[in-house]
Amino acid sequence: DNFNSELDKKIHVITHGINDSWFRIKKENKPSDKPYALFVGNVKPHKNLTKLVQAFSILINKISHNLIIVGKKEGFITGDKEVFRLSKNHKDRIKFTDYVTDEELKQFYIYADALVFPSLYEGFGFPPLEAMALGVPVIASKAASIPEVCDNAALYFDPYNVDEMTEKILQMLNNKTLREEYIKRGKEKAKKFKWEKTADKTINLINKTLRD
């Protein structure tokens, strides 16, 4: 116990951050004529896209939104081939962009009606914070580091439960009041993860260590 107590005093957690430019993006090139929910990340099994596609397949006749999946989709040793098989029947509603530039990515974010982040594992998870900074409400997996980072600024679901995922996506897309509340929470949360704050905490810790 004494050892753990002394160790705790020596451990200081400093999180990643997002660039201040994410808070100043303007709408320029609309990437889709139809409304859409967005996923950002590589097409790999731990991103849990199979469950997301299953959930979206249930929703297709209940919403007018497409699902746009932004991220590298090929060239992985452990790629997720199942998600492509499941989405074949809905090619007009489920879109894969493959790799996009940073500027294109920001436009995909800013026009989205929601970000859905169903990942089973993340060391940190930048997409939810990037979406929050741009005023996009987040629906996220209740797994790994995601709730720790997003706190009360995301609407959560069990990533293994397709029905619950479906329900939360439908809630966020159809309930304007709920969307506005999570947009507000998200913007406040994102402000706490700016790189400037990360740098300040690092400098302060270095200075404290040198003094000690």
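Scroll up for the structure.
What comes next is a walk through the structure. Everything numeric in this text was worked out from a predicted model, so none of it was measured. (Residues numbered from 1 in each chain as written. Predicted model: local features only at pLDDT ≥ 70, side-chain atom pairs only at ≥ 80, totals over all residues. Heavy atoms only, no water.)

## Details of the pairing of strand β5 (residues 138-141)
- Here three bridges tie strand β4 (residues 114-117) to β5, and the two strands are oriented parallel to one another. Each bridged residue has a counterpart across the sheet, and for Phe 117 the counterpart in β5 is Ala 140.
- In terms of handedness, the path from β4 via helix α5 (residues 126-133) over to β5 forms a crossover that is right-handed.
- Here β5 pairs with strand β6 (residues 154-157) via four bridges, running parallel. In the sheet register, Ala 140 faces β6, and the bridge partner there is Tyr 156. (Pairing = 2+ DSSP bridges. Helix = DSSP H or I, 4+ residues; strand = E, 2+ residues; numbered from the N terminus. Right-handed = clockwise from strand over helix to strand, strands pointing away.)

## Description of the nonpolar core
- By size, the foremost hydrophobic cluster in this structure holds 61 residues, and its most contacted members are Leu 38, Leu 52, Val 70, Tyr 109, Leu 115, Met 132 and Ile 169.
- Considering every element that reaches this core, the biggest residue donor is helix α2 (residues 49-59), with six residues.
- Apart from residues no more than four positions distant in its own chain, Tyr 109 is found in contact with Trp 22, Leu 38, Val 40, Leu 115, Pro 127, Glu 130, Ala 131, Leu 134 and Val 136. (Core = buried A, V, L, I, M, F, W, Y, C linked by side-chain atoms within 4.5 Å. Buried < 20%, exposed > 50% of the residue type's maximum accessible area, 1.4 Å probe, protein only. Contact = heavy atoms within 4.5 Å.)

## Overview of the packing of aromatic side chains
- Evaluated as defined, the whole model comprises three aromatic pairs.
- Aromatic pair Phe 39 and Phe 117: ring centres 6.4 Å apart, planes at 20°, arrangement stacked. Of this pair, Phe 39 sits in strand β1 (residues 36-40) while Phe 117 sits in strand β4, and the two are 78 residues apart along the sequence. The same class applies to Phe 39 as to Phe 117, namely buried.
- Ring geometry for Phe 84 against Phe 96: centres 4.9 Å apart, planes inclined by 50°, an arrangement best described as tilted. (Phe/Tyr/Trp six-rings, centres within 6.5 Å; stacked < 30°, edge-to-face > 60°.)

## Examining the sheet that holds β1
- Reading across the sheet, the six strands line up as β3-β2-β1-β4-β5-β6 and stay open at both edges, with parallel pairing between neighbours. In this open sheet, the two strands that pair with only one neighbour each are β3 (94-98) and β6. Each strand of the sheet is rotated relative to its neighbour by a mean of 25°, with strand direction disregarded.
- Two strands pair when backbone bridges link them, and β1 and β4 are joined in this way by two bridges, in the parallel orientation. Of the residues in β4, the one forming a bridge with Leu 38 is Leu 115.
- Contacts from α2 reach β1, β2 (66-70), β3 and β4 within the one sheet, and its direction differs from that of β2 by about 165°.
- The strands that helix α7 (residues 162-174) touches are β4, β5 and β6; relative to β6, the one it contacts most, it runs at about 155°. (Axes fitted to C-alpha atoms, helices over the stretch in contact; angles between N-to-C directions.)

## Quick look at the side chain of Ser 119
- Within the element layout of this structure, Ser 119 appears in the loop between β4 and α5.
- Taking the relative accessible area as the measure of exposure, Ser 119 reaches 0% and is therefore buried.
- A polar atom in the side chain of Ser 119 sits 2.8 Å from the side chain of Glu 122.
- Once residues lying within four places of it in the same chain are set aside, the contact partners of Ser 119 are His 46, Lys 47, Asn 48, Ser 141, Ala 143, Ile 146 and Pro 159. (Polar contact = N/O pair within 3.5 Å; in protein donor to acceptor, adjacent residues only side chain to side chain.)

## Quick look at the packing of α2 against α7
- The N-to-C vectors of α2 and α7 enclose an angle of 60°; their axes lie 9 Å apart at closest approach. It follows from the interaxial angle that α2 and α7 lie oblique. In this structure, α2 crosses over α7, and the sense of that crossing is right-handed. Every residue of α7 that contacts α2 at Lys 51, Leu 52, Gln 54, Ala 55, Ile 58 and Leu 59 is listed here: Val 162, Asp 163, Met 165, Thr 166, Ile 169 and Leu 170. (Parallel < 35°, antiparallel > 145°, perpendicular 65-115°, else oblique. Left-handed = near helix turned anticlockwise from the far one by under 90°.)

## Overview of the packing of α5 against helix α8 (residues 176-191)
- Two elements in contact, α5 and α8, have axes separated by 7 Å at closest approach and are oriented at 115°. Considering the angle they form, α5 stands roughly perpendicular to α8. Helix-helix and strand crossings are classified by hand; for α5 and α8 the assignment is left-handed. Along the contact surface, α5 presents Leu 129, Met 132 and Ala 133, while α8 presents Gly 186, Lys 187, Lys 189 and Ala 190.
- Residues that form the contact of α5 with α8 fall into these classes: four nonpolar, one polar and two charged. (Nonpolar A, V, L, I, M, F, W, Y, C, P; charged D, E, K, R; others polar.)

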